[in-house]
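Here is how the chains run, residue by residue.
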Amino acid sequence: MTLGGSLAGVAWSAPWWLSLVVTAWRWRGTPSLDDVAREAPQPAPPLTVIVPARNEAAHIASCVRSILASEYPSLQVIVVDDHSSDGTAALAREAAAGDARLTIVAPPPLPTGWLGKQWACHHGARATPGAYLLFTDADVRHAPDLHARLVNASVAHDADLVSVAGFQETRTFWERVIQPFVFAILAQWYGGPGSVNRARAPRRKIANGQCLLFRRAAYDAFGGHDTVRGKPAEDLAFAQQMTAAGQRVFLTLGQSQMSTRMYASLRDIVEGWGKNVYSAGRDTLPGGRAGTWLARVLIPAPALLALAPVVAWAAGVAGGAGAGWTAFGASATLSQLLWFGAIGREFRLAPWYALTFPLGALAYLYIAARAVWRGDRVQWKGREYDVSA
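In this text, all values refer to a predicted model and were calculated from it rather than measured experimentally.

Visitor: Tell me about the nonpolar core, and please be specific about residues and values.
Guide: By size, the foremost hydrophobic cluster in this structure holds 38 residues, and its most contacted members are Leu47, Val51, Ile60, Val64, Val79 and Leu150. At the level of secondary structure, the elements contributing two or more residues to this core comprise strand E1 (47-53), helix H3 (60-68), strand E2 (75-81), helix H4 (88-96), strand E4 (132-136), helix H6 (146-156), strand E6 (161-165) and strand E8 (211-215). It is H3 that contributes the most residues to this core, six residues altogether. Counting residues in hydrophobic clusters, the runner-up holds 35 residues, among them Val177, Ile178, Ala187 and Tyr364.

Structural data, given as structure tokens:
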């Protein structure tokens, strides 16, 4: 009886193991910028790097210096100071140390219907005739070979938009607990960059807003940031809508060429992911209004699926559950320890961080529930938006 119950419990854990296997399979054929030529094409088409920045005093100097250290021979940098109150523009100028390639742009006041980042990017694009436009965040650090490899990738893959998944820096405990959990969800839903590139359905496409390289002609033909002006996850919107419009989107790894520390505190993590998870989930699922309601259920689901085996195993150890539940919990939890151990290696974390995945699940559950409760109301950088459109 006990043996039969245990075997049944192990069988119940099959979906958790299958998910691990399927995700690993979907990461096959992952492209990397390491495999793209480092030397810029000759002649090098003009490239403009546009950095929207609102109160980025902590990051802007390092970002500007890393961009200006580029090996790319035909480079312009535009920092769009989005009404900062912390001296962001002055720090950008100081970091440039008189380098004439840097321009500071101040956009007009934010109009209704626009999110601040899109408004800043829109005005950055209007300030340059560059043949290629690279939109990047102030917390991103660029390696000297990033820009040439990006342009070469665009040419090699005939891509209208090239996006890079770089290395994600984590320094504090909560960063190392929550960030791997969220990126694990993305990996399971979308697969690796190769899987994303092979997908035909627009809703299976994704990009990384930390690095979006556009052919200027394709950006203008699409309508630029005006087309995604009300989307909190504008990178996802670009990838999906450009694909639907027949334009080519290419996603690649670039962990040696780009690094980002997205959030520096627990509060930043909650606010940052809370801004994106509901809107992105809603836009990824089909079904109109029904899809919106489905998103409210599915967005918190990964946390519940991660926690259920742990609860079952703990209940069994405590004597509150039978052999079947205990075996299910132990088997499914083991699969997750292996999965989060693999994710942790990508984040260059100590192996013991895999044991913290239940904490990551609880934190994500709070973020997701809070985002679902807020719905179409989004707060970021001291502004509040209604993104129901």
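Further notes follow.
Visitor: With reference to specific residues and values, describe the sheet that holds E2.
Guide: The sheet built from seven strands is open, its strands ordered E3-E2-E1-E4-E8-E6-E9 with mixed pairing. Looking at strand neighbours, the two that pair on one side only are strand E3 (102-105) and strand E9 (249-253), the edges of this open sheet. Neighbour to neighbour, the strand axes of the sheet diverge by 20° on average, direction disregarded. Note: E2 against E3, four bridges, orientation parallel. Its bridge partner being in E3, Val80 is matched across the sheet by Val105. Those strands touched by H4 are E1, E2 and E3, and its axis lies near 175° from that of E3.

Visitor: Tell me about unusual backbone geometry, and please be specific about residues and values.
Guide: Going from Gln42 to Pro43, the amide bond is cis rather than trans, its omega being -5°. Relative to the assigned elements, Pro43 resides in the loop between helix H2 (14-26) and E1. Phi is positive for His83, which is not a glycine, with a value near 55°. Mapped onto the secondary structure, His83 falls in the loop between E2 and H4. Accessibility expressed as a relative area gives 38% for His83, which makes it partly exposed. Positioned with a positive phi, Arg348 is a non-glycine residue whose angle comes to about 60°.

Visitor: Report on the packing of aromatic side chains, specifying residues and quantitative values.
Guide: Enumeration according to the criterion identifies 18 aromatic pairs in this entry. Taking 5.8 Å as the distance between ring centres and 40° as the angle between the ring planes, the aromatic pair formed by Phe181 and Tyr364 counts as tilted. One end of the pair, Phe181, is in helix H7 (residues 173-190); the other, Tyr364, is in helix H15 (residues 357-374), and 183 residues separate them in sequence. Per residue, the accessibility class of Phe181 equals that of Tyr364, and both read buried. Among the aromatic residues, those joined into a cluster by ring pairs are Phe135, Phe214, Tyr219, Phe222 and Phe238. Over the ring of Trp25 we find Arg28, and its NZ or CZ is 3.9 Å from the ring centre. In this structure, Arg204 packs its charged tip against the face of Trp189, placed 4.9 Å from the ring centre.

Visitor: Kindly report on the packing of H7 against helix H14 (residues 323-346), identifying the contributing residues and their values.
Guide: One can describe the packing of H7 onto H14 by two numbers: an axis separation of 10 Å at closest approach and a directional angle of 105°. Taken together, the axes of H7 and H14 lie roughly perpendicular to each other. From H7, Pro180, Phe181, Ala184, Ala187 and Gln188 reach across to H14, where they touch Trp339, Phe340 and Ile343. Its residues placed into classes, the contact of H7 with H14 shows seven nonpolar, one polar and no charged.

Visitor: Hey, could you go over the environment of His123 for me, with residue numbers and the actual values?
Guide: Mapping His123 onto the fold places it in helix H5 (residues 116-126). Put simply, His123 and Val80 are 43 residues apart on the chain and 7.7 Å apart in space, counted from C-alpha to C-alpha. Apart from the residues lying within four places of it in its own chain, the contact partners of His123 are Val105, Pro107 and Pro108.

Visitor: Got a sec to walk through the pattern of salt bridges? Specific residues and values, please.
Guide: Here the idea is simple: oppositely charged side chains can pair when their charged atoms come close. Here the structure, examined in full by the defined rule, presents 13 salt bridges. Put simply, Arg171 and Glu169 hold a salt bridge, and the shortest N to O gap is 3.0 Å. We note a salt bridge from Asp220 to Arg216, for which the minimum N-O separation is 3.1 Å. Here the residue Asp220 and the residue Arg216 both occupy positions in helix H9 (residues 216-222), the gap between them amounting to four residues, near one helical turn. For Asp220, a relative accessible area of 44% corresponds to the partly exposed category. For Arg216, a relative accessible area of 16% puts it in the buried group. One salt-bridge network, in which partners are shared between bridges, spans Lys117, Asp137 and Glu234.

How each quantity is defined
Residues numbered from 1 in each chain as written. Predicted model: local features only at pLDDT ≥ 70, side-chain atom pairs only at ≥ 80, totals over all residues. Heavy atoms only, no water. Core = buried A, V, L, I, M, F, W, Y, C linked by side-chain atoms within 4.5 Å. Buried < 20%, exposed > 50% of the residue type's maximum accessible area, 1.4 Å probe, protein only. Helix = DSSP H or I, 4+ residues; strand = E, 2+ residues; numbered from the N terminus. Pairing = 2+ DSSP bridges. Axes fitted to C-alpha atoms, helices over the stretch in contact; angles between N-to-C directions. Contact = heavy atoms within 4.5 Å. Phe/Tyr/Trp six-rings, centres within 6.5 Å; stacked < 30°, edge-to-face > 60°. Lys NZ or Arg CZ within 6 Å of the ring centre and 35° of its normal. Parallel < 35°, antiparallel > 145°, perpendicular 65-115°, else oblique. Nonpolar A, V, L, I, M, F, W, Y, C, P; charged D, E, K, R; others polar. Salt bridge = Lys/Arg side-chain N within 4 Å of Asp/Glu carboxyl O.

Just geometry here; none of it tells us what the structure is for.
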